[in-house]
Amino acid sequence: MKLAYWMYAGPAHIGTLRVASSFKNVHAIMHAPLGDDYFNVMRSMLERERDFTPVTASIVDRHVLARGSQEKVVENITRKDKEERPDLIVLTPTCTSSILQEDLQNFVNRAAMESDSDVILADVNHYRVNELQAADRTLEQIVRFYIQKAKKQNNLNQIQTEKPSANIIGIFTLGFHNQHDSRELKRLLNDLGIEINEVIPEGGSVTNLKNLPKAWFNVIPYREVGLMAANFLEKECGMPYVSITPMGLVDTASFIREIAQIIKNHTAFPMRSQKAHTADAALNVGKNNSLFSKRFSENYIDQQTRFVSQAAWFSRSIDCQNLTGKKAIVFGDATHAASMTKILAREMGIRVSCAGTYCKHDADWFRDNVEGFCDQVLITDDHTQVGDMIARIEPAAIFGTQMERHIGKRLDIPCGVISAPVHIQNFPLGYRPFLGYEGTNQIADLVYNSFTLGMEDHLLEIFGGHDTKEVITKSLSTDSSFTWAPDGLAELNKIPGFVRGKIKRNTERFARENGFTEITVELMYAAKEAAGA
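Moving on, we come to the side chain of Thr161. You can see Thr161 is positioned in the loop between helix H7 (131-152) and strand E5 (165-171). Judged by its relative accessible area of 16%, Thr161 falls in the buried class. Polar contacts involving the side chain of Thr161 include one to the side chain of Ser165, which spans 2.6 Å. Leaving out residues up to four positions away in the same chain, Thr161 has contacts with Glu195, Lys214 and Trp216.

In space, the four strands of this open sheet follow the order E2-E1-E3-E4, with parallel pairing throughout. Sheet topology places strand E2 (55-59) and strand E4 (118-121) at the edges, where each strand pairs with a single neighbour. Across the sheet, the axes of successive neighbouring strands diverge by a mean angle of 20 degrees, strand direction being ignored. Across the sheet, H7 lies against strand E3 (88-92) and E4, angled at about 135 degrees from E4, the strand it touches most.

The strands making up a sheet are joined through hydrogen bonds of the backbone, oriented either antiparallel or parallel. On the basis of which strands lie adjacent, the open sheet formed by four strands has the order E6-E5-E7-E8 and parallel pairing. Either end of the sheet is taken by a strand with one partner, and the two such strands are strand E6 (195-201) and strand E8 (241-242). With three bridges connecting them, E5 and strand E7 (residues 217-219) associate as parallel partners. The residue of E7 that forms the bridge with Ala166 is Phe217. The sheet contacts of helix H8 (residues 178-191) involve E5, E6 and E7, and relative to E5 the element is tilted by about 170 degrees.

Our next topic: the nonpolar core. Counting residues in hydrophobic clusters, the biggest one holds 121 residues, and the most contacted among them are Ile142, Leu344, Phe399 and Val447. Here this core takes eight residues from H7, the largest share from any one element.

In this description, an aromatic ring pair is defined by two values, namely the gap between the centres and the angle between the planes. Under the defined criterion, the tally for this structure stands at nine aromatic pairs. Each ring, one from Phe145 and one from Tyr146, has its centre 5.0 Å from the other, and the planes form 80 degrees; the classification is edge-to-face. Among the aromatic residues, those joined into a ring-pair cluster are Tyr8, Phe331 and Tyr358.

Attention now goes to the packing of helix H1 (residues 12-22) against H7. Where H1 contacts H7, the two axes come as close as 7 Å, and the packing angle between them is 45 degrees. Taken together, the axes of H1 and H7 are oblique relative to one another. The handedness of the crossing between H1 and H7 is right-handed. For the pair formed by H1 and H7, the contact residues are Ala12, Ile14, Gly15, Thr16, Arg18 and Val19 on the first element and Glu131, Leu132, Ala134, Ala135, Thr138, Leu139 and Ile142 on the second. For the contact of H1 with H7, the per-class residue count stands at eight nonpolar, three polar and two charged.

Further remarks concern the environment of Phe482. Looking at the element boundaries, Phe482 is found in the loop between helix H20 (454-463) and strand E14 (483-484). Considering only alpha carbons, one finds Phe482 and Thr517, 35 residues apart in sequence, at a separation of 4.8 Å. Once residues lying within four places of it in the same chain are set aside, the contact partners of Phe482 are Glu508, Ala511, Arg512, Phe516, Thr517 and Ile519.

This part is about the side chain of Asp136. With respect to the helices and strands, Asp136 occurs in helix H7. No salt bridge is formed by the buried Asp136, whose closest oppositely charged neighbour, Arg137, lies at an N-O distance of 7.3 Å. Polar side-chain contacts of Asp136 include one of 3.4 Å to the backbone nitrogen of Met228. The contacts of Asp136, once residues within four sequence positions are left out, are Glu224, Val225, Gly226, Leu227 and Met228.

Next up on the list: the pairing of strand E11 (residues 376-379). Bridge count for strand E10 (residues 351-357) against E11 is four bridges, and the pairing is parallel. Residue Thr357 lies in a different strand from E11, and its bridge partner there is Ile379. In this region the chain leaves E10, passes through helix H16 (residues 363-370) and returns to the parallel neighbour E11; the handedness of that crossover is right-handed.

Parameters at a glance
- Residues numbered from 1 in each chain as written.
- Predicted model: local features only at pLDDT ≥ 70, side-chain atom pairs only at ≥ 80, totals over all residues.
- Heavy atoms only, no water.
- Helix = DSSP H or I, 4+ residues; strand = E, 2+ residues; numbered from the N terminus.
- Buried < 20%, exposed > 50% of the residue type's maximum accessible area, 1.4 Å probe, protein only.
- Polar contact = N/O pair within 3.5 Å; in protein donor to acceptor, adjacent residues only side chain to side chain.
- Contact = heavy atoms within 4.5 Å.
- Pairing = 2+ DSSP bridges.
- Axes fitted to C-alpha atoms, helices over the stretch in contact; angles between N-to-C directions.
- Core = buried A, V, L, I, M, F, W, Y, C linked by side-chain atoms within 4.5 Å.
- Phe/Tyr/Trp six-rings, centres within 6.5 Å; stacked < 30°, edge-to-face > 60°.
- Parallel < 35°, antiparallel > 145°, perpendicular 65-115°, else oblique.
- Left-handed = near helix turned anticlockwise from the far one by under 90°.
- Nonpolar A, V, L, I, M, F, W, Y, C, P; charged D, E, K, R; others polar.
- Lys, Arg positive; Asp, Glu negative; His and termini not counted.
- Salt bridge = Lys/Arg side-chain N within 4 Å of Asp/Glu carboxyl O.
- Right-handed = clockwise from strand over helix to strand, strands pointing away.

Read these as geometric descriptors, not functional statements.
Shown next, in the form of structure tokens:
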């Protein structure tokens, strides 16, 4: 077994807990040993929630191992049912409970008979799926449960709203700027005359899930969470969905055009439930469709691009042109990494030397989307591979997760964080969306400020970065096979700090390729000649 001290995507139960704790009045029971219950601390710290996280750990201890878990799990479920009165209780297994091979579904069935709340077991395979996959499956499972429950009770609301409306699916806790993106999406849809029907899971109520079919279509801003629920609603209720992420000018325009096409289609097929509508209602729907014309959507795109977003103007400015041809590396989840790669390459003229994602389950989609926008693609969940790739390419800037920011610190390469997993500094109190036209401004600022700018380069060259420190080894591997001779180390210390790390790595690479183990001043000069400097 390999010990992981950094994971891009956590274990499956974290994804389930993120979805469950995003809904209002839903409680999660986690069947796990002490040590797996860090979710409450993590969420309350990062999201700065004022309320307690609605997650209870049913601890697996020596008594459980001796007598079994059923009584304890059922007792915890029924106790929370009486104390909290939630609409839904979700029991999530963990790797430990899977190893014990306990029949948790039987526990749920028994607890459901004694509880007023709905009780379900998160049906995810904890050995085969990661945090994001489990979150997607859990959300789909909850939506399916309440849609089917409403059908059985004959109260599923399939009467569409008179005006165009949408559900936003996939905004949830601990997401990268999800709360800000949700506000920007609402503003964007409101500008287009589209009402918001439901936003799930963040802030949504499971009792309102029966109203999801009232919307004309669904918006899925992130590939990681929401697609499975959207596919289910499309098959079960005939609801189309938009899965284009409106990040950057080009994709935001494509997002609006796809919405326009969906609304246009309602002219020919105005509603899914003809029996529930009168002829007057159908006429009103047709009028609303005609208002959202192709001309209107194109005018809106033009106005927003020219006067709200500063990104189009900035990309033509001398400041952005100074970045043309500079090398960058992008790494993150599939949605943000793919979008950022396209923004850098086609909207800002920056060369993306490598684009990568840790979402290995979405590798095919990612490759298709970044093809032609980057020199190479890296699909891995091993951060050491990413670190080695960054050290080899030596880009001018990195756009990645918190881990790439750590790597950049060690290599003296600036990094802009564009994807989870992130640190608390990427849960800002201010308004910083990444989607929509306001998001284009945030991204332009992030990109520009992440590079070492021209005047900064000049000052570093003159003053040596005010460097007074001794040489610090910045290898990304624990395997150090080189010895620096005193004369070589003294020469290295004379080099200005802002380029010292790069020269050190180039010299060590030359020594490795030529079989040297001790680096002297003569070897440094040989490495310099070989590099053509």
